[in-house]
Amino acid sequence: MTAPAEPSGAGVPIASARGRWILLTTVLGSTMAMLDGTVVNVALPRIGEDLDADLAVLQWTVNAYLLTLAGLILVGGSLSDRFGRRRIFVLGVVWFAIGSLLCGIAPNAGVLIAARALQGIGGALLAPGSLALIQASIRAEDRGRAIGLWSGLGGVGAAVGPFLGGWLVDGPGWRWVFLLNVPLAAVCVPVALRHVPESRDPQAHGRFDVAGAALGASALGLVTYALIEARSGAAAVIVAAVLGVVLGIAFVYVERRRPDPMVPPDIFASRLFTAVNLVTLCVYGAIGGFFFLTVLQLQVVSGYSALAAGAAMLPTTLLMLLLSARSGELGERIGPRVPLTVGPLLCAGGTLLMLRVGPAASYVRDVLPAMVVMGMGLVALVAPLTSTVLASVDPGRAGLASGINNAAARVAGLLAVAALPLLSGMGPESYRSATQFDAAFGRAMLWCTGAFVAGAALAWATVRSPAPEACHPRCHTYCAVSAPPLEPREESG
């Protein structure tokens, strides 16, 4: 039976036993999704070998999850507000665990891809609820500390992920990368049901934007299919591409005319919000492509084991874990323009350094410098970008703004994983040949570099300091973007 919602203004102290249980629940839930994101890429070469799969199957193994997650994550947030954040969170954890179990026992590539899509649906229900449970359940004066603990413990999970994923792939096998989520869910669900209070938004109203969600997910799926299968030259690819574009246009049309759209068009009236989301598309597309291809390069070309390839990513994660908070504070002091410009440029430097990583690459001489520079770029970029997204809209729409930006980041990664192999000339069997993959990897890193530079240029051109507080009070969120200053006006009286 659902527990009554906490009264307005009430909350659980983080230092209490129940507060610690709430924190444990949210950390376990977010860790499931985070581990999945960090360990699956490491397992891709072994998955391809075991299932006798070509490169397209490896792309779909990543993208089937991203497709349903990106298409439904905003719906997941709405369901949480309407029907109860704990209820939808628990449903998401169970759904994610079932999808993980099906991935772990998949007898062939088709079942694995379908199970990954199911995982993405669970992630779309789970991800919005993790932080929302803290916001709704922990008392106001403890929320900052609770969010800090949640972020820090989640960062530890992200740091452990590459080691754990590599060890599982080299040891028990790649299937345990997915099966690992089942015991985590077995702990998370009963703790949530026993210790986490139910909460919902009493002002949630209107119908769900089923048409918008269906159109958006279908458009993404068709475009992704066209990009991944473009090498075949089949007529179905052209049909899918055209239909995907048409459905994308229909999605915009529907969202502009619905009274309760999934993505309200008026939120893009903030030019800062629009600009930062365009930067997000550039940089997160490059980030997704970089990490997808780098773990393949290290294993296919440089001869690293799965454990060594996963561990190679550790400096990037550790730098973000140790320095992101300070980067956020610096961004608040100097404004978003410099961090959002310098961060992508540093990331571009990291992708260029990866061009040195080839056969028999030395970790210290070749791989480590690229990972450190990439990590410093992400440190400079990620926290200020998130803060700017939240600051670019009214506080009451911060959750919606965060959800849209999260979806934009997922869509960017989805399209990058689909498009980069095509743009760099990777054939279906390229990942089985060190020579072919190495040549295509170099071209792909140049594409990633271009995307990072485009993001930096866009940030420099559209985002500027000083912060909004220093500008004319009538500017509101527009003061942080490049726009003509408002003419002074004499006030009567």
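If you're wondering where the values come from, they're calculated on a predicted model, not measured in any experiment.

1. Here we look at the overall build of the protein chain
Then, number 1: The helix and strand tally for the protein chain stands at 16 helices and zero strands.
Then, number 2: Among the 493 residues that make up the protein chain, the fraction classed as buried is 51%.
Then, number 3: Across the protein chain, contacts joining residues at least 24 apart in sequence account for 82% of those joining residues at least 6 apart.
Then, number 4: Within the structure as shown, the protein chain displays about 21,000 Å² of accessible surface, and the carbon and sulfur contribution to it stands at 67%.

2. Some details on helix H16 (residues 434–462)
Then, number 1: Over its 29 residues, H16 runs 42 Å from end to end, which matches the ideal 42 Å to within 8%, given 1.5 Å per residue.
Then, number 2: Among the residues making up H16, those that are buried are Phe437, Ala440, Phe441, Gly442, Ala444, Met445, Cys448, Thr449, Phe452, Gly455, Ala456 and Ala459.

3. A look at the pattern of salt bridges
Then, number 1: In this structure the tally under the stated criterion is seven salt bridges.
Then, number 2: Salt-bridge contacts for Arg432 lead to Glu429; the nearest nitrogen and oxygen are separated by 2.4 Å.
Then, number 3: Among the ionic contacts, a cluster of salt bridges with common partners joins Asp52, Glu429 and Arg432.

4. Looking at the packing of aromatic side chains
Then, number 1: One pass over the structure, following the stated rule, counts four aromatic pairs.
Then, number 2: Consider the rings of Trp174 and Phe178, whose centres lie 6.2 Å apart with planes at 90 degrees: the pair is edge-to-face. Exposure class is identical for Trp174 and Phe178. Each is buried.
Then, number 3: A ring pair is formed by Phe268 and Phe273, whose centres lie 5.3 Å apart and whose planes are at 50 degrees; its orientation type is tilted.
Then, number 4: In this structure Phe268 comes out as partly exposed when scored by relative accessible area, which is 34%.
Then, number 5: Residue Phe273 is classed as buried on the basis of its relative accessible area, which comes to 0%.
Then, number 6: Taking NZ or CZ as reference, Arg337 lies 3.5 Å from the ring centre of Trp460, over its face.

5. Some details on a nonpolar patch on the surface
Then, number 1: On the surface, a nonpolar cluster with roughly 700 Å² of combined accessible area is contributed by Leu91, Val94, Trp95, Ile98, Leu101, Leu102, Ile105, Leu118 and Val182.
Then, number 2: Residue placement: Leu118 occurs in helix H4 (residues 109–137).
Then, number 3: Judged by relative accessible area, which is 31%, Leu118 ranks as partly exposed.

6. Some remarks on the confidence of the model for the protein chain
Then, number 1: Considering every residue of the protein chain, the mean pLDDT works out to 84; 89% of them sit at 70 or more.
Then, number 2: By mean pLDDT, helix H5 (residues 140–170) is the weakest element of the protein chain at 76, and H16 is the strongest at 96.
Then, number 3: Counting contacts from residues 1–9, a segment whose pLDDT is below 50, to residues more than four positions away or on other chains yields 14 contacts.

7. Here we look at the nonpolar core
A general trend in soluble globular proteins is that nonpolar side chains are found buried together.
Then, number 1: Ranked by size, the top nonpolar core spans 118 residues in total, and within it Leu293 and Phe437 carry the most contacts.
Then, number 2: With 16 residues, helix H10 (residues 271–301) is the largest single contributor of residues to this core.
Then, number 3: Leave out the neighbours within four places in its chain, and Leu293 touches Leu420, Met426, Phe437, Phe441, Ala444 and Met445.

8. Section: the packing of helix H3 (residues 85–104) against H4
Then, number 1: In contact at an axis separation of 7 Å, H3 and H4 are set at 150 degrees when each is read in the N-to-C sense. By the angle between their directions, the pair H3 and H4 is classed as roughly antiparallel. Here H3 and H4 pass one another in a crossing that is left-handed.
Then, number 2: Among the residues making up the contact of H3 with H4, the classes are represented as 17 nonpolar, eight polar and three charged.

9. Focus on the packing of helix H8 (residues 210–229) against helix H9 (residues 235–257)
Then, number 1: At their nearest, the axes of H8 and H9 sit 8 Å apart, and the two run at 155 degrees to each other. Taken together, the axes of H8 and H9 are roughly antiparallel relative to one another. Viewed along their axes, H8 and H9 form a crossing whose handedness is left-handed.
Then, number 2: Split into classes, the residues belonging to the contact of H8 with H9 amount to 17 nonpolar, five polar and two charged.

10. A short note on the side chain of Gln297
Then, number 1: Within the secondary structure, Gln297 sits in helix H10.
Then, number 2: Judged by its relative accessible area of 0%, Gln297 is buried.
Then, number 3: When sequence neighbours within four positions are dropped, the list of residues in contact with Gln297 reads Ser302, Val357, Gly358, Phe437, Asp438 and Phe441.

11. Section: the environment of Phe437
Then, number 1: Position of Phe437 relative to the elements: it lies in helix H16.
Then, number 2: Each C-alpha atom of the pair Phe437 and Met426 lies 6.9 Å from the other, and the pair is eleven residues apart in sequence.
Then, number 3: With residues up to four places along the chain from it excluded, the contact list for Phe437 reads Leu293, Leu296, Gln297, Val300, Val301, Met426, Ser430 and Tyr431.

12. Re the environment of Ala217
Then, number 1: Structurally, Ala217 can be placed in helix H8.
Then, number 2: Judged by relative accessible area, Ala217 falls into the partly exposed class, the value being 23%.
Then, number 3: With 148 residues separating them along the chain, Ala217 and Leu69 place their C-alpha atoms 9.3 Å apart.
Then, number 4: Those residues within four positions of Ala217 in sequence are excluded, and the remaining contacts are Leu67 and Gly71.

13. Topic: the side chain of Asn405
Then, number 1: For Asn405, the location among the structural elements is in helix H15 (residues 398–423).
Then, number 2: A relative accessible area of 10% means that Asn405 is categorised as buried.
Then, number 3: Here Asn405 is in contact with Val276, Asn277, Thr280, Leu385 and Val389, once residues within four sequence places are set aside.

What counts, and at which threshold
Just so you know, the residues in each chain are numbered from 1, in the order the chain's sequence is written. Local features in this predicted model are restricted to residues whose pLDDT is 70 or higher, and side-chain atom pairs enter the listing and the counts only when it is 80 or higher, whereas totals over whole chains, interfaces and linings include all residues. Side-chain figures throughout are based on the complete set of non-hydrogen atoms in the structure, without hydrogens or water. Numbering of helices and strands starts at the N terminus; helices are DSSP runs of H or I of at least 4 residues and strands are runs of E of at least 2. Whether a residue is buried, partly exposed or exposed follows from its accessible area with a 1.4 Å probe, protein chains only, as a fraction of its type maximum: under 20%, in between, or over 50%, in that order. Note on definitions: a residue-residue contact is assigned when non-hydrogen atoms from the two residues lie within 4.5 Å. All accessibility values rest on the Shrake-Rupley procedure with a 1.4 Å probe; residue burial counts only the protein chains present in the view. One less than the number of residues in a helix, times 1.5 Å, gives the span that helix is expected to have. Just to be clear on terms, a salt bridge is a Lys or Arg side-chain nitrogen sitting within 4 Å of an Asp or Glu carboxyl oxygen. For Phe, Tyr and Trp, where Trp contributes only its six-membered ring, two rings pair if their centres lie within 6.5 Å, and the inter-plane angle classes them as stacked under 30 degrees, edge-to-face over 60, or tilted in between. Only when the NZ atom of a Lys or the CZ atom of an Arg is both within 6 Å of the ring centre and within 35 degrees of the ring normal do we say a charge sits over the ring. Patch rule: a residue counts if its relative accessible area is over 30% and it has no salt bridge; like charges are joined within 9 Å, and nonpolar side chains (Val, Leu, Ile, Met, Phe, Trp, Tyr) within 5 Å. Note: pLDDT gives the predictor's confidence per residue, expressed from 0 to 100. Throughout, nonpolar core names a set of buried Ala, Val, Leu, Ile, Met, Phe, Trp, Tyr and Cys residues whose side chains join them through atoms within 4.5 Å. Fitted lines through C-alpha atoms serve as axes, helices being fitted only where they are in contact, and the angles separating the N-to-C directions of these axes extend from 0 to 180 degrees. Should an angle fall under 35 degrees it is called roughly parallel, over 145 degrees roughly antiparallel, and 65 to 115 degrees roughly perpendicular, with every other angle called oblique. For any helix crossing, the convention is left-handed if the near helix is rotated counterclockwise from the far helix by under a right angle, and right-handed if that rotation is clockwise. Ten residues, namely Ala, Val, Leu, Ile, Met, Phe, Trp, Tyr, Cys and Pro, are considered nonpolar, four, namely Asp, Glu, Lys and Arg, are considered charged, and the remaining ones, Gly among them, are considered polar.

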